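Analysis of the macromolecular model
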Amino acid sequence: KTLSDLLVGCRDVTSSGAAEWFTKQMDGEWVLQSGAIADGQKSILSCTVEGAGTLSFKWKVDSETFEYHGKTYLADMAAITYDDERIEFGGNQDWALVTLDLQEGEHVIKWTYEKDNEDAPDWDGQDCVWLAEVIWTPRAVVPDLTALKDAFGTDSELVRHITSADGLARFNEFLDACHVANVGEIKPVQ
């Protein structure tokens, strides 16, 4: 499996930083794993999604933490950035589901694993982050009746059915299961 195979619905998939992300099997499931990096380095995975929709994924991290005056702080961490948002995750955390509701526009998503400049002498973890089940689900676009008539013809079966409230409701149920790039192209979600 490639990085792109595991980022369902995403485009422009790249890996950068001091060490690239890679795919591997973990407990019988394909996952993405951050590259092995040294102190002060980053491993970055990025992709682009377009329009309004939902990006969901699971992530797990095993990273160094330190204690200071009775509080635990992240020394190394996983972070996701998108639009003007940043979510941080660290320590020894098991799989957690994250769902992002994104509005219209182009969104560059970046998952980063970054290390601080020092290692704790007594820490012995795996020092990375894993991603699984990354899925971009675009929100269906409901075209107006004029656009449908232009695309399918005024006398088409589709246009005749959606002139009623019942027909429009059935069409919206259909759109919930499909991604409509424009009214001339209706295709199933991959």
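In what follows, the structure referred to is the one given above.
Residues numbered from 1 in each chain as written. Predicted model: local features only at pLDDT ≥ 70, side-chain atom pairs only at ≥ 80, totals over all residues. Heavy atoms only, no water.

With that out of the way, let us pick up the state of the cysteines. Applying the stated rule across the entire model yields 0 disulfides. Between cysteine 47, a free cysteine, and cysteine 10, which holds the nearest cysteine sulfur, the sulfur-to-sulfur gap is 3.6 Å. The class of cysteine 47 is buried, set by a relative accessible area of 1%. (Disulfide = S-S within 2.5 Å. Buried < 20%, exposed > 50% of the residue type's maximum accessible area, 1.4 Å probe, protein only.)

Counted according to the given criterion, the structure contains 10 salt bridges. In this structure, glutamate 106 engages arginine 11 in a salt bridge whose closest nitrogen and oxygen atoms are separated by 2.8 Å. Here glutamate 106, found in strand 12 (residues 106–114), pairs with arginine 11, found in strand 2 (residues 11–17); they are 95 residues apart in sequence, far enough to count as distant. By relative accessible area, glutamate 106 is classed as exposed at 51%. When its relative accessible area of 33% is taken as the criterion, arginine 11 is described as partly exposed. The partner of lysine 60 in a salt bridge is aspartate 94, with the nearest N and O atoms 4.0 Å apart. (Salt bridge = Lys/Arg side-chain N within 4 Å of Asp/Glu carboxyl O. Helix = DSSP H or I, 4+ residues; strand = E, 2+ residues; numbered from the N terminus.)

Before going further, it helps to spend a moment on the packing of aromatic side chains. Inspection of every chain in the model, using the stated rule, returns 3 aromatic pairs. Between phenylalanine 57 and tryptophan 59, the aromatic rings sit 5.5 Å apart at their centres with planes inclined by 85 degrees, giving edge-to-face as the arrangement. Between tryptophan 59 and phenylalanine 89, the aromatic rings sit 5.0 Å apart at their centres with planes inclined by 15 degrees, giving stacked as the arrangement. With a gap of 30 residues between them, tryptophan 59 in strand 6 (residues 53–62) and phenylalanine 89 in strand 10 (residues 85–89) connect regions that are remote in the sequence. According to the relative accessible area criterion, tryptophan 59 is buried, its value standing at 2%. Among the aromatic residues, ring-to-ring pairing joins Phe57, Trp59, Phe89 and Trp111 into one connected group. (Phe/Tyr/Trp six-rings, centres within 6.5 Å; stacked < 30°, edge-to-face > 60°.)

Bringing the nonpolar core into the picture now. Membership of the largest hydrophobic core comes to 30 residues, with the highest contact counts inside it found for Phe57, Trp59 and Trp111. Elements supplying a minimum of two residues to this core: strand 5 (42–50), strand 6, strand 9 (77–82), strand 11 (92–102), strand 12 and strand 13 (128–138). Met26, Val31, Trp130 and Ala132 belong to the second-largest nonpolar core, a separate cluster that totals 5 residues. (Core = buried A, V, L, I, M, F, W, Y, C linked by side-chain atoms within 4.5 Å.)

Further remarks concern the environment of lysine 1. Here lysine 1 shows up in the segment before strand 1 (7–8). Taking relative accessible area as the criterion, lysine 1 reaches 54% and is therefore assigned exposed. Among all residues touching lysine 1, those that are not within four sequence positions of it are Leu6, Thr23 and Trp30. (Contact = heavy atoms within 4.5 Å.)

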